[in-house]
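Each chain, written out:
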Amino acid sequence: MKPTVDKLKEIAAETLVGKKAELILGWQKGSFWWQSFPAFIEKQEELDSLTWDPFCVANLSIYLLEELKRKKKVALFVKGCDALAINRLLQDKCIEREQVLLYGLPCKGMADRAKIEAAVGEELSIREVRRDGDEFIVLTDNGEQHLDASNYLLDKCLSCRYPNPIVYDQLLAQEIDTFPVKERFQSVVKLENSTFEERYLYWSGHFNRCLRCFACRNVCPACNCRECIFDQNEPRWLGKANILSENQFCHLIRAYHVAGRCIDCGECQRVCPMDIPLQELNRKLIKDLNELYGDYDAGTDPEEPQPLGTFKLDDPASFSES
Amino acid sequence: MKKLKKEKLTELWSLLAERTSLYLPVDEGGSVNFLPWEKGMEVDLDALNSTIPPKSIFFQQTEVYLQYTTEEDGLKFEEITPQGPAVLFGVRPCDLKGIQLLDNVFLQEPEDSLYKQRRLETTIVALTCTKPDSSCFCTLFDIDPGAAPGADLLATDLGEEFVFTAQSEKGESLLEAIATLLEDAEADSKAVEEVRRQAKAAVPTHGLDVEGLKEKLDSMFDDPIWGTFYRRCLGCGTCTYLCPTCHCFDIQDHTRGEEGLRFRCWDSCMFGEFTLMASGHNPRPTQKERVRNRFLHKLNYYPKNFESYACVGCGRCVRKCPVNLDMIEVIKALGGVTSGSC
Ligand code: SF4
Ligand code: SF4
Ligand code: SF4
Ligand code: SF4
């Protein structure tokens with residue numbers, strides 16, 4: 001059984017009435033069929049705005065850092081990828097487990113607006129897109145269309161390995177069977193097999209376009225520093241000029257800061273307004289870490305030592321390799 | 001009126017590029033932006049709005065304007081001035097209005113000489129829209145997607161050809177310079193009218209109405225509504241950097257050893273550092289004040305100064321804000337609504 005909006009509203013109502021949490025993080029509909037954005041629910045009368053549809057992609061856990069400054073306990077809905085983010089925050093000691101009440105939502109993947117528009121072709125008249133089993137049902141002014149959902153998912157969902165939340169207090173629907181996914185290192189391997197010059201051209205082309213809007217950093221559950229090095233202005237480590245060298249510095253530093261901690265949620269790449277394939281950079285580091293230190297899946301177990309956060313006396317590689 | 005067959009476009013680009021810098025909407029792999037044209041580039045005149053608005057041609061994201069070196073007898077300065085004339089081809093009507101709103105700011109006293117020089121030396125060819133996006137709402141701000149008053153040349157897409165109408169001396173001399181490629185188009189004026197009329201009719205209204213919104217906001221500075229919007233905001237620079245009317249900048253030095261560069265660069269009111277003062281005080285300490293500023297600036301402060309809302313309904317923030325804290329959502333929530341929905 002899939003979780004329904006009514007189920008979400010019911011559980012949210014119970015949470016408020018039973019004073020189990022002071023705030024509930026969920027999603028609500030925007031003006032367009034493809035907009036479902038984070039909702040902050042504190043009162044009964046706000047409950048009705050809650051939604052659960054194929055556009056609830058935003059990861060609500062990133063709001064905990066700010067909200068827990070004022071609230072003792074926050075309840076939130078977590079999809080598979082969002083649950084990994086919760087573990088990220090727990091492992092980084094940014095939040096305590098008792099501070100959050102987690103309602104798990106098994107997730108079959110979120111929809112890609114552009115893919116649906118391209119298929120339906122009448123973008124001005126789509127009214128609603130909802131999921132029914134393995135289909136997306138598109139309601140338009142000219143009737144209903146049924147699409148095979150697997151062809152219209154967000155790219156990041158195509159390689160989702162944890163559709164079922166791995167940390168929760170209550171699961172709102174039965175776990176779903178994991179589905180076949182795209183091998184996540186494919187494009188990394190392709191890059192690894194190109195020449196140095198080709199790789200340099202590839203990345204400099206992308207980072208030349210970077211706006212330095214920091215959406216990638218701000219949406220990232222692993223970017224949870226109280227003060228980011230890029231925001232420090234005395235000294236100013238990252239110059240404000242939008243030039244290739246500064247942009248590359250910015251992204252290499254970020255990639256290394258999340259190395260071993262990146263949960264591969266793909267949010268950074270999804271929100272980038274300039275379509276920069278940031279996840280390939282993160283995945284290169286994940287792949288390298290797996291090869292160097294053995295398989296490690298960040299976000300799956302907050303107690304497991306991190307490959308880059310662990311010290312071993314019998315470390316086979318010393319600090320100086322000479 | 002003159003027209004140009006689309007198969008002659010590459011010839012047109014070559015001809016123009018011989019004479020001046022030529023900026024065209026180019027597909028950079030998924031995102032279309034105005035770039036200096038070079039042979040072989042994939043020009044996309046069907047894409048509606050470039051991801052980065054063409055304001056970036058006049059008000060560059062990073063612009064070096066002074067070079068300095070320390071010498072024995074003191075500091076030596078060298079001014080760096082913008083380079084020569086340019087043609088900017090394919091500006092949509094909303095984005096042209098965006099540039100005109102920037103003119104109000106940069107060309108008032110004291111004039112911004114860097115901006116002014118670029119503006120005077122550039123010929124703008126505007127391109128009317130044929131197929132507005134579902135997130136467009138230019139007509140809310142009285143912008144006609146089929147017209148671009150103030151552009152030097154107006155281009156209308158008739159499918160197989162572009163029809164040009166000169167609207168200034170710069171526009172006329174551009175038409176003369178490319179005359180060998182053009183044919184007469186007086187007979188097409190009806191078709192042009194029709195395309196323009198259809199464009200206007202196709203812009204969705206979203207049930208919005210901004211009549212009186214500016215005045216209403218006069219008393220809404222302390223309204224609790226600002227305490228709700230901002231909570232989902234990520235504090236990124238997407239909305240402001242991509243907005244054709246945002247124009248805030250910072251000035252910074254890049255010093256290495258004995259030499260350095262002074263440049264100006266875009267800044268964003270969504271960033272915490274934006275109003276951080278040397279004393280450590282920040283008058284906009286949280287995202288609440290920052291988000292309030294973004295919307296009050298566009299819907300109240302700017303209109304008070306220049307008699308026009310500082311939004312042109314391009315829909316970029318609607319399409320790109322990762323959490324949909326966009327102009328349509330906010331106008332609706334502030335009560336600028338007549339009826340219905342999108
Ligand atoms: S989101 Fe994209 S454009 Fe913005 S800073 Fe990150 S990589 Fe650059
Ligand atoms: S995929 Fe991107 S947003 Fe997600 S944890 Fe890794 S770096 Fe952060
Ligand atoms: S409103 Fe949206 S685009 Fe603007 S700073 Fe906030 S999250 Fe970023
Ligand atoms: S506020 Fe949004 S819709 Fe209005 S001009 Fe700016 S980016 Fe475009």
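Residues numbered from 1 in each chain as written. Chains lettered and ligands numbered in written order. Predicted model: local features only at pLDDT ≥ 70, side-chain atom pairs only at ≥ 80, totals over all residues. Heavy atoms only, no water.

Caption draft 1: Molecular detail of the confidence of the model for chain B. In the predicted model, chain B carries a mean pLDDT of 94, and 98% of its residues have values of at least 70. In the predicted assembly, ipTM is 0.94 and pTM is 0.94. (pLDDT = per-residue confidence, 0-100.)

Caption draft 2: The packing of aromatic side chains, seen in detail. Within the structure shown, the criterion is met by 25 aromatic pairs over all chains. Here K6(B) stacks its cationic end above the ring of F162(B), 5.0 Å away from the centre of that ring. Between R232(B) and the ring centre of F37(A), over which it is positioned, the NZ or CZ distance is 3.6 Å. (Phe/Tyr/Trp six-rings, centres within 6.5 Å; stacked < 30°, edge-to-face > 60°. Lys NZ or Arg CZ within 6 Å of the ring centre and 35° of its normal.)

Caption draft 3: Spatial organisation of the interface of chain A and chain B. Facing the 40 residues of chain A at the interface are 47 residues of chain B. Contact between chain A and chain B buries roughly 3,400 Å² in total, counting both sides, with carbon and sulfur atoms accounting for 51%. Interface area lost by chain A to chain B is led by F32(A), L211(A) and K240(A), which between them contribute 18%. Along the contact surface separating chain A from chain B lie seven salt bridges. At the boundary of chain A with chain B, the tally comes to 16 residue pairs in polar contact (both at pLDDT 80 or more). (Contact = heavy atoms within 4.5 Å. Buried area = accessible area lost by both parts, 1.4 Å probe. Salt bridge = Lys/Arg side-chain N within 4 Å of Asp/Glu carboxyl O. Polar contact = N/O pair within 3.5 Å; in protein donor to acceptor, adjacent residues only side chain to side chain.)

Caption draft 4: Local environment of the packing of helix α9 (residues 244–257) of chain A against helix α11 (residues 278–293) of chain A. Residue and element names in this part refer to chain A. Between α9 and α11, the least distance of the axes is 10 Å, while the angle of their chain directions is 45°. In terms of axis orientation, α9 runs oblique to α11. Regarding α9 and α11, the two cross each other, and that crossing is right-handed. Contacts from H251, R254, A255 and Y256 of α9 reach α11 at L278, L281, N282 and L285. For the contact of α9 with α11, the per-class residue count stands at five nonpolar, two polar and one charged. (Axes fitted to C-alpha atoms, helices over the stretch in contact; angles between N-to-C directions. Helix = DSSP H or I, 4+ residues; strand = E, 2+ residues; numbered from the N terminus. Parallel < 35°, antiparallel > 145°, perpendicular 65-115°, else oblique. Left-handed = near helix turned anticlockwise from the far one by under 90°. Nonpolar A, V, L, I, M, F, W, Y, C, P; charged D, E, K, R; others polar.)

Caption draft 5: Representation of the domain arrangement of chain A within the structure. Residues and elements named next belong to chain A. Along its sequence, chain A is organised into domain 1 (2–107 + 163–171), domain 2 (113–149) and domain 3 (186–293). Computed over C-alpha atoms, the centres of domain 1 and domain 3 are 28 Å apart. Opposite the 12 residues of domain 1 that make contact, domain 3 presents 11 residues. Each partner contributes to the roughly 900 Å² buried at the junction of domain 1 and domain 3, and carbon and sulfur atoms together form 65% of this total. Broken down residue by residue, the surface that domain 1 buries against domain 3 is led by V57, I62 and R88, which jointly contribute 48%. For the interface between domain 1 and domain 3, the tally reads one salt bridge. R261 is the partner of D92 in a salt bridge, and the nearest nitrogen-oxygen pair spans 2.8 Å. For the interface between domain 1 and domain 3, the tally reads three residue pairs in polar contact (both at pLDDT 80 or more). The dominant element in the side of domain 1 that touches domain 3, judged by the number of residues it contributes, is helix α3 (residues 80–91), at five residues. Looking at the side of domain 1 that touches domain 3 residue by residue, the classes come out as nine nonpolar, one polar and two charged. (Domains from an automatic or database assignment.)

Caption draft 6: Quick peek at the sheet that holds strand β9 (residues 161–166) of chain B. Residue and element names in this part refer to chain B. Pairing is mixed in the open sheet, where eight strands are placed in the order β3-β2-β6-β7-β8-β9-β1-β10. Here the strands that pair on one side only, and so sit at the sheet edges, are β3 (32–36) and β10 (183–184). Where strand β6 (residues 86–91) and strand β7 (residues 122–127) come together, five bridges link them in parallel fashion. Following the sheet pairing, A86 is matched in β7 by T122. Strand contacts of helix α3 (residues 93–106): β6 and β7, with the helix running at about 130° to β6, the strand carrying the most contacts. (Pairing = 2+ DSSP bridges.)

Caption draft 7: Molecular detail of α3(A). Residue and element names in this part refer to chain A. Taking 1.5 Å of rise per residue, 12 residues should cover 16 Å, and α3 covers 17 Å from first to last C-alpha, within 8% of that figure. By the criterion of burial, α3 is predominantly enclosed, with 11 of the 12 residues buried. For α3, the set of buried residues is G80, D82, A83, L84, A85, I86, N87, R88, L89, L90 and Q91. Where the residues of α3 are buried, they touch β1 (23–29), α2 (64–67), β4 (74–78) and β5 (100–104). Phi turns positive, to about 60°, at K93, one or two residues after α3. (Expected span 1.5 Å × (residues − 1). Buried < 20%, exposed > 50% of the residue type's maximum accessible area, 1.4 Å probe, protein only.)

Caption draft 8: Broad picture of the sheet that holds strand β12 (residues 259–266) of chain B. Residue and element names in this part refer to chain B. One open sheet holds the four strands; their spatial order is β5-β4-β12-β11, and the pairing between them is antiparallel. A single partner strand is all that each edge strand has here, and the edge strands are β5 (74–79) and β11 (249–256). Going from strand to strand, the sheet's axes swing by 25° on average, the running direction of each strand aside. Strand direction decides the pairing type here: strand β4 (residues 62–71) and β12, joined by seven bridges, are antiparallel. The partner of V64 across the bridge, within β12, is F263.

Caption draft 9: How the structure looks around the environment of F207(A). Residue and element names in this part refer to chain A. Relative to the elements of secondary structure, F207 occurs in helix α7 (residues 196–209). Once the C-alpha coordinates of F207 and E45 are considered, the two residues, 162 residues apart in sequence, prove to be 45 Å apart. If we skip the residues at most four places from it in the chain, F207 touches L244, N247, Q248, H251, I276, L278 and L281.

Caption draft 10: Region of interest: the packing of α7(A) against α9(A). Residues and elements named next belong to chain A. Axis separation between α7 and α9 bottoms out at 9 Å; the angle between their running directions is 100°. Here α7 is positioned roughly perpendicular relative to α9, judged by the angle of their axes. Taken together, the residues of α9 that come into contact with α7 (itself represented by Y200, S204, F207 and N208) are L244, N247, Q248 and H251. Along the lines of polarity and charge, the residues of the contact of α7 with α9 split into three nonpolar, five polar and no charged.

Caption draft 11: View of α9(A). Given a rise of 1.5 Å per residue, 14 residues ought to cover 20 Å, and the 20 Å separating the end C-alpha atoms of α9(A) matches this to within 8%. Every buried residue belonging to α9(A) is among E246(A), N247(A), Q248(A), C250(A), H251(A), R254(A) and A255(A), and all of these are buried. Along its buried surface, α9(A) packs onto α7, α8 (215–218), α10 (267–271) and α11 of chain A together with β11 of chain B.

Caption draft 12: Just unusual backbone geometry, in detail. Geometrically, the link from E234(A) to P235(A) is a cis peptide bond, its omega value of 0° lying close to zero. When you line up the elements, P235(A) lands in the loop between α8 and α9. Note that the residue after E109(B), namely P110(B), is joined by a cis bond; omega there is -10°. Along the chain, the position of P110(B) falls in the loop between α3 and α4 (113–121). Here K19(A), not a glycine, exhibits a phi torsion of approximately 50°, which is positive. Tracing the sequence through the fold places K19(A) in the loop between α1 (5–17) and β1. Positioned with a positive phi, H206(B) is a non-glycine residue whose angle comes to about 60°. With respect to the secondary-structure elements, H206(B) resides in the loop between α6 (189–202) and α7 (213–217). Accessibility expressed as a relative area gives 1% for H206(B), which makes it buried.

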